[in-house]
Amino acid sequence: MQFVYDLFLVLHFVGLALLLGGFLVQVRDPDRTVTRWMFDGALTQLITGLVLVGIASSGALEGETPNNAVVGIKTVIVVVIAVLAFIGKRRPAPQAALWGVIGLLTLVNILVAVFAGVMVEG
């Protein structure tokens, strides 16, 4: 089961790369806009994150359980990102404000994961 967990963790990082990469590619573009890749990255992160929490909550991983408070915060943030990206991909450019909010929320989600700790010893 550890292999399946690690596989979904890699896919979770691919979603992060899509989301953050889609944001960073637009930094120097005067018509900053929300791309399809940002939306796809947000959905990838949401789905793989839920699978990761499911696997960890099932007890299949020895010694670690998810911190449900942190998981809840991260889930709310990624749902907001996905909704904003869905709205943004349907609107014409430029979308600097919407693009900026998505980028900021993505960075907040990364900070929460790293500093609040998604997994705890248990």
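Details of the structure are given in the entry above.
Residues numbered from 1 in each chain as written. Predicted model: local features only at pLDDT ≥ 70, side-chain atom pairs only at ≥ 80, totals over all residues. Heavy atoms only, no water.

Undergrad: I keep staring at the nonpolar core and nothing clicks. Help me out?
TA: Taken as a class, soluble globular proteins show a tendency for nonpolar side chains to be buried jointly. By size, the foremost hydrophobic cluster in this structure holds 15 residues, and its most contacted members are Leu19, Val34, Met38, Ile81 and Ile102. When residues of this core are traced back to their parent elements, those giving at least two are helix H1 (2-24), helix H2 (36-57), helix H3 (68-90) and helix H4 (96-117). Not counting residues up to four positions away in its chain, the partners in contact with valine 34 are Ala85, Gly88, Lys89, Gln95, Leu98, Trp99 and Ile102. Counting 5 residues, the second largest nonpolar core, distinct from the first, contains Tyr5, Leu52, Ala56 and Leu61. (Core = buried A, V, L, I, M, F, W, Y, C linked by side-chain atoms within 4.5 Å. Buried < 20%, exposed > 50% of the residue type's maximum accessible area, 1.4 Å probe, protein only. Helix = DSSP H or I, 4+ residues; strand = E, 2+ residues; numbered from the N terminus. Contact = heavy atoms within 4.5 Å.)

Undergrad: Explanation requested: a nonpolar patch on the surface in the structure shown.
TA: Taken together, the side chains of Met1, Phe3, Val4, Leu7, Val10, Leu11 and Val14 make up a nonpolar region of the molecular surface, amounting to roughly 650 Å² of accessible area. Tracing the backbone through its elements, the reader meets valine 4 in helix H1. (Patch = residues over 30% accessible without salt bridge, like charges linked within 9 Å, V, L, I, M, F, W, Y side chains within 5 Å. Areas by Shrake-Rupley, 256 points an atom, 1.4 Å probe, with all protein chains shown as cover. Salt bridge = Lys/Arg side-chain N within 4 Å of Asp/Glu carboxyl O.)

Undergrad: How should the packing of H3 against H4 be read in this particular structure?
TA: Axis angle and axis distance: for two packed helices, these are the angle between their axes and the distance between the axes, and together they describe the pair. At a minimum axis distance of 10 Å, the contact between H3 and H4 shows a crossing angle of 165 degrees. Looking at the two axes, H3 sits roughly antiparallel to H4. As H3 packs across H4, the resulting crossing turns out to be left-handed. Contact with H3, carried on its side by Val70, Ile73, Lys74, Ile77, Val78, Val80, Ile81, Leu84, Ala85, Ile87 and Gly88, involves Leu98, Val101, Ile102, Leu105, Thr106, Val108, Asn109, Val112, Ala113, Ala116 and Gly117 of H4 and no other residues of that element. Among the residues making up the contact of H3 with H4, the classes are represented as 17 nonpolar, 4 polar and 1 charged. (Axes fitted to C-alpha atoms, helices over the stretch in contact; angles between N-to-C directions. Parallel < 35°, antiparallel > 145°, perpendicular 65-115°, else oblique. Left-handed = near helix turned anticlockwise from the far one by under 90°. Nonpolar A, V, L, I, M, F, W, Y, C, P; charged D, E, K, R; others polar.)

Undergrad: Any chance you could explain the packing of H1 against H4 here in plain terms?
TA: Between H1 and H4, the least distance of the axes is 10 Å, while the angle of their chain directions is 140 degrees. Regarding the angle of H1 to H4, the classification is oblique. At the point where H1 passes H4, the crossing takes the left-handed sense. Here H1 contributes Leu16, Leu19, Leu20, Gly22 and Phe23 to the contact with H4, which in turn contributes Trp99, Gly100, Ile102, Gly103, Thr106, Leu107 and Ile110.

Undergrad: I would appreciate a short explanation of H2 in the present structure.
TA: Its 22 residues give H2 an end-to-end C-alpha distance of 31 Å, which sits within 8% of 32 Å, the value for a rise of 1.5 Å per residue. Regarding H2, the residues found buried are Met38, Phe39, Gly41, Ala42, Gln45, Leu46, Thr48, Gly49, Leu52, Ile55 and Ala56. In the stretch just after H2, glycine 59 is the one whose phi turns positive, near 90 degrees. (Expected span 1.5 Å × (residues − 1).)

Undergrad: When you look at the layout of surface pockets in this model, what are you seeing that I'm missing?
TA: Quantified by volume, the largest pocket comes out at close to 540 Å³. Together, 26 residues line the largest pocket, and His12, Leu52, Lys74, Ala113 and Val118 are the ones closest to its centre. Broken down by secondary-structure element, the contributors of at least two residues to the lining of the largest pocket are H1, H2, H3 and H4. Taken together, the residues of the lining of the largest pocket sort by class into 19 nonpolar, 6 polar and 1 charged. (1 Å grid on protein atoms, 1.4 Å probe; cavity = no way out; pocket = protein on both sides within 12 Å on 5 of 7 lines; lining within 4 Å. Points joined across faces, edges and corners; volume = space filled by probe spheres on them.)

Undergrad: Looking at this structure, how should I read H4?
TA: Note on helix geometry: an α-helix contains 3.6 residues per turn, so any two residues three or four positions apart are oriented the same way. Under the 1.5 Å per step criterion, the end-to-end length of H4 is 31 Å for 22 residues, consistent within 8% with the ideal 32 Å. Burial in H4 covers these residues: Leu98, Trp99, Ile102, Gly103, Leu105, Thr106, Asn109, Val112 and Gly117.

Undergrad: Got a minute to help me understand the environment of glutamate 64 in this structure?
TA: Take glutamate 64: it is sitting in strand S1 (residues 64-66). Accessibility expressed as a relative area gives 36% for glutamate 64, which makes it partly exposed. Measuring from C-alpha to C-alpha, the distance between glutamate 64 and valine 34 comes to 36 Å, with 30 residues separating the pair along the chain.

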